[in-house]
Amino acid sequence: MVVKVYGPRTAACPQRVLACLLEKGVDFEIVHVDLDHGEQKQPHFLLKQPFGQVPVVEDGDFRLFESRAIIRYYAAKHAESGPNLLGTTLEERAMVDQWLEVEAHNFNDLCFTLMLQLVILPKMGQPGDLALAHSSEQKLEKVLDVYDKRLSESAYLAGDTFTLADLSHLPGIDHLIEDAKMGHLITQRTNVNAWWQKIASRPAWIKLKNLIH
Amino acid sequence: MVVKVYGPAYGCPKRVLVCLIEKQIEFETVDVDLIKGEHKEPEFLKLQPFGVVPVIQDGDYTLYESRAIIRYYAEKYREQGTELLGKTIEERGLVEQWLEVEAHNFQPPIYNLVMNVVFGPIQGVPSDTKAVQESDEKIAKVLDIYEEKIIR
């Protein structure tokens, strides 16, 4: 049975899930959810995801939401196929979780604020808060300085190999570069830039970018 | 060897302490004075480069982010204390789902309320009444969903 992924293919959180499924070679079908018209807040969708957010997956009778829970689930369920995205030892797994949490709490909110103020609100015909965008950019610079130091010591965030921790950043950074025109945040940092080039050229990510366009 | 937990006895460090107690793991706390800004000092940044608490040291092993730490210890000490991760991969998936719900839907309004209502006055910073009201409404909506979930 094919995994159903609910959400627009252009939104970051569904993309996080799609990237993982592509890495693990899991077949899926995308069920579009019209965020522009508030479909995610409609009663029929709230039955699937009571907080009114995308993505949700339906895998037979099993339903799961929260993109970072979904990717952990599939990475564990399909541990034997595709690249190992969770590390081998408990300690390696914990480093993956640590950097997934860093992405969720130190990176994601700043990235989202920049996207909201510079791209999403203007697209909806509303003025973005440029002062807020600027202060978010400055905070994100400091966060990426920490990443740059980390990536000077380690090939990938959690260790020597590509894991969920790196994957989780793909949609957000891609949006920052392509839509918010904040590519300098990446290119100005040698190690972050080298890491980005590596992870963005993975076949699964390229496949997803083709799916989106 | 005893696990060292760096941070004050409130907030995110407490999440780790509760887990260690549930799993019957011995620990020692090392206070970090957030009010004095100790978490932003160079010494602490060597342990946790983002300047937030908690961090744990377990022998040579250092780990930060409270929700990564609790997942680690819940897995490492599977055989003792309370089972905290579910028995099947699907049950674990649901645990992860609600951990993420807590992190993204529950924690942010709670944090705003605590910062404005508790820590603001301690530090002489005026409370943002609009933020308090918005956070109050947000957390009420989240808890309505929790209530329905628990009834079911």
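Conventions we followed
- All residue numbers here refer to positions counted from 1 along the written sequence of the relevant chain.
- Written order decides the labels, with chains lettered from A and ligands numbered from 1.
- With pLDDT at 70 or above as the cut-off, local features in this predicted model cover only qualifying residues; side-chain atom pairs require 80 or more to be listed or tallied, and sums for whole chains, interfaces and linings still use all residues.
- Water and hydrogen atoms play no part in the side-chain values, which are based on all heavy atoms of the structure.
- Put simply, a nonpolar core is a bunch of buried Ala, Val, Leu, Ile, Met, Phe, Trp, Tyr and Cys residues held in one set by side-chain atoms that sit within 4.5 Å of each other.
- Burial here depends on accessible area, computed with a 1.4 Å probe over protein chains only, as a share of the maximum for the residue type. Under 20% is buried, over 50% is exposed, and the range in between is partly exposed.
- In this text, helices come from DSSP runs of H or I with a minimum length of four residues, and strands from runs of E with a minimum of two, each type numbered from the N-terminal end.
- A pair of strands is treated as paired once DSSP finds two or more bridges between them.
- Crossover handedness is defined here as right-handed if the route from the first strand over the helix to the second strand goes clockwise, with the strands pointing away from the viewer.
- Note on contacts: a residue pair is in contact if any heavy atoms of the two residues lie within 4.5 Å.
- Summed over both partners, buried area is the accessible surface (1.4 Å probe) that two parts give up on being assembled.
- Just to be clear on terms, a salt bridge is a Lys or Arg side-chain nitrogen sitting within 4 Å of an Asp or Glu carboxyl oxygen.
- Nitrogen and oxygen atoms within 3.5 Å of one another constitute a polar contact, given that in protein one can donate a hydrogen and the other can accept it, and given that sequence-neighbouring residues count only through two side-chain atoms.
- Residues are grouped as follows: Ala, Val, Leu, Ile, Met, Phe, Trp, Tyr, Cys and Pro are nonpolar; Asp, Glu, Lys and Arg are charged; all remaining types, including Gly, are polar.

Draft legend 1. Up close: the nonpolar core. Judged by nonpolar contacts, the single largest core of 83 residues is most densely connected at Trp99, Leu140, Tyr147, Leu164 and Leu176 of chain A together with Tyr73 of chain B. With 12 residues, helix 4 (residues 90-123) of chain A is the largest single contributor of residues to this core.

Draft legend 2. Focus on the pairing of strand 1 (residues 3-6) of chain B. All names here are of chain B. Direction of pairing for strand 1 relative to strand 2 (residues 27-30): parallel, over a ladder of 4 bridges. Directly across from Val3, in strand 2, lies its bridge partner Phe27. For the crossover that starts at strand 1, traverses helix 1 (residues 12-22) and ends in the parallel strand 2, the hand is right-handed. Inspection of the sheet shows strand 1 paired to strand 3 (residues 55-58) by 3 bridges, in the antiparallel sense.

Draft legend 3. Up close: unusual backbone geometry. Here Val54 of chain A and Pro55 of chain A are connected by a cis peptide whose omega angle stands at 5°. With respect to the secondary-structure elements, Pro55 of chain A resides in the loop between helix 2 (43-46) and strand 3 (56-59). In the segment running from Val53 of chain B into Pro54 of chain B, the intervening peptide bond is cis, with an omega of 0°. Within the secondary structure, Pro54 of chain B sits in the loop between helix 2 (42-47) and strand 3. Located in the positive-phi region is Gln24 of chain B, a residue other than glycine, with phi close to 60°. Examined against the element boundaries, Gln24 of chain B turns out to sit in the loop between helix 1 and strand 2. Gln24 of chain B sits in the exposed class, given a relative accessible area of 58%.

Draft legend 4. Layout of the interface of chain A and chain B. Taken together, the contacts link 30 residues of chain A with 29 residues of chain B. Of the roughly 2,700 Å² buried at the junction of chain A and chain B (both faces included), carbon and sulfur atoms supply 67%. A salt bridge links Glu96 of chain B to Arg72 of chain A; the nearest nitrogen and oxygen atoms lie 3.6 Å apart. On the surface where chain A and chain B come into contact, there are 10 residue pairs in polar contact (both at pLDDT 80 or more). Of all the elements in the fold, those that place two or more residues in the side of chain A that touches chain B are strand 4 (62-65), helix 3 (67-77), helix 4 and helix 5 (130-153) of chain A. Sort the elements by how many residues they give to the side of chain A that touches chain B and helix 4 of chain A lands first, with 13 residues. Taken together, the residues that form the side of chain A that touches chain B break down as 17 nonpolar, 4 polar and 9 charged.

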